[in-house]
Amino acid sequence: LDWGGQFENMQRAMARLMIIIPLTILAIFFLLFMLFKSVKLAALIILVLPFASIGGVFGLLITGEYLSVPAAVGFINLWGIAVLNGVVLVFFIKQLREDGRDLREALIEGCSHRFRPVMMTACVAMLALVPMLISSGPGSEVTKPLAIVVISGLITSTSLTLLVLPVLYGRFEEKEVEA
């Protein structure tokens, strides 16, 4: 028995994605390391990927969609936006710390000053995908999973980035001070 057609194309595309996705994550980590010159901060930003993925997976489960090539591409897009939001927040907190602010003050001020840019980035990306999400015509079977993953992933990613990432930053820095 030999499968062909769309199923064969999907299998081939998923096999390629299984190589591309880890390479993409490594490239993101490398770029973050180059930006922050710190493995800890690069790892901290990489932690937003599970925050984003949680929402994407739940979005697919709730809507009854399955992991397809467009959904996998949606995860890659989602990770890019989530990492951008994490960088915006952590970079500003790091700058405040370098300016001499104490940890608690830097975390509170960083979150309050970067709340709007992080929310705007997420909201604009979500709103741009709403037409893909509600479409039902030809091609919607391709665009809908991508939109579901990105929109649902941005909901969890944005909230967890604004709530959990500063706490983790504080823990990372407290451990560094103790050492």
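On a predicted model such as this, the values are computed, not experimentally measured, just so you know.

Parameters at a glance
- Residues numbered from 1 in each chain as written.
- Predicted model: local features only at pLDDT ≥ 70, side-chain atom pairs only at ≥ 80, totals over all residues.
- Heavy atoms only, no water.
- Phe/Tyr/Trp six-rings, centres within 6.5 Å; stacked < 30°, edge-to-face > 60°.
- Helix = DSSP H or I, 4+ residues; strand = E, 2+ residues; numbered from the N terminus.
- Buried < 20%, exposed > 50% of the residue type's maximum accessible area, 1.4 Å probe, protein only.
- Lys NZ or Arg CZ within 6 Å of the ring centre and 35° of its normal.
- Patch = residues over 30% accessible without salt bridge, like charges linked within 9 Å, V, L, I, M, F, W, Y side chains within 5 Å.
- Areas by Shrake-Rupley, 256 points an atom, 1.4 Å probe, with all protein chains shown as cover.
- Salt bridge = Lys/Arg side-chain N within 4 Å of Asp/Glu carboxyl O.
- Expected span 1.5 Å × (residues − 1).
- Contact = heavy atoms within 4.5 Å.
- Axes fitted to C-alpha atoms, helices over the stretch in contact; angles between N-to-C directions.
- Left-handed = near helix turned anticlockwise from the far one by under 90°.
- Nonpolar A, V, L, I, M, F, W, Y, C, P; charged D, E, K, R; others polar.

(A) Looking closely at the packing of aromatic side chains. Applying the stated criterion to the full structure yields two aromatic pairs. Here phenylalanine 36 and phenylalanine 91 contribute two aromatic rings whose centre-to-centre distance is 6.0 Å and whose plane-to-plane angle is 50 degrees, an arrangement assigned as tilted. In this pair, phenylalanine 36 sits in helix α1 (residues 5–36) while phenylalanine 91 sits in helix α4 (residues 69–98), placing the two residues 55 residues apart along the sequence. Overall, the relative accessible area of 4% leaves phenylalanine 36 in the buried class. We classify phenylalanine 91 as partly exposed; its relative accessible area is 32%. Here the guanidinium or amino end of arginine 114 rests over the ring plane of phenylalanine 92, the centre of that ring lying 4.1 Å away.

(B) Focus on a nonpolar patch on the surface. On the surface, Phe30, Leu31, Phe33, Met34 and Val39 cluster together to form a nonpolar patch covering roughly 500 Å² of accessible area. Counting residues per element, the nonpolar patch draws most heavily on α1, which supplies four residues.

(C) Highlighting α1. In a regular helix each residue adds 1.5 Å, so 32 residues correspond to 46 Å; α1 covers 46 Å between its end C-alpha atoms and thus fits that length. The complete set of buried residues in α1 reads Ala13, Met14, Leu17, Ile21, Ile28, Leu32 and Phe36. Close packing links the buried residues of α1 with α2 (39–46) and α4. Positive phi appears at lysine 37, one or two residues downstream of α1, with a value of about 55 degrees.

(D) Fine view of the environment of alanine 82. In this structure, alanine 82 sits in helix α4. When the C-alpha atoms of alanine 82 and alanine 72 are compared, they prove to be 15 Å apart, with 10 residues separating the residues in sequence. If we skip the residues at most four places from it in the chain, alanine 82 touches Val48, Ala52 and Ser157.

(E) Layout of the packing of helix α3 (residues 48–63) against α4. Two elements in contact, α3 and α4, have axes whose closest approach is 9 Å; the angle formed by their N-to-C orientations is 140 degrees. Handedness of the α3/α4 crossing: right-handed. For the pair formed by α3 and α4, the contact residues are Val48, Leu49, Ala52, Ser53, Gly56, Val57 and Leu60 on the first element and Ala71, Phe75, Leu78, Trp79, Ala82 and Val83 on the second. The residue inventory of the contact of α3 with α4, partitioned by class, reads 11 nonpolar, two polar and no charged.

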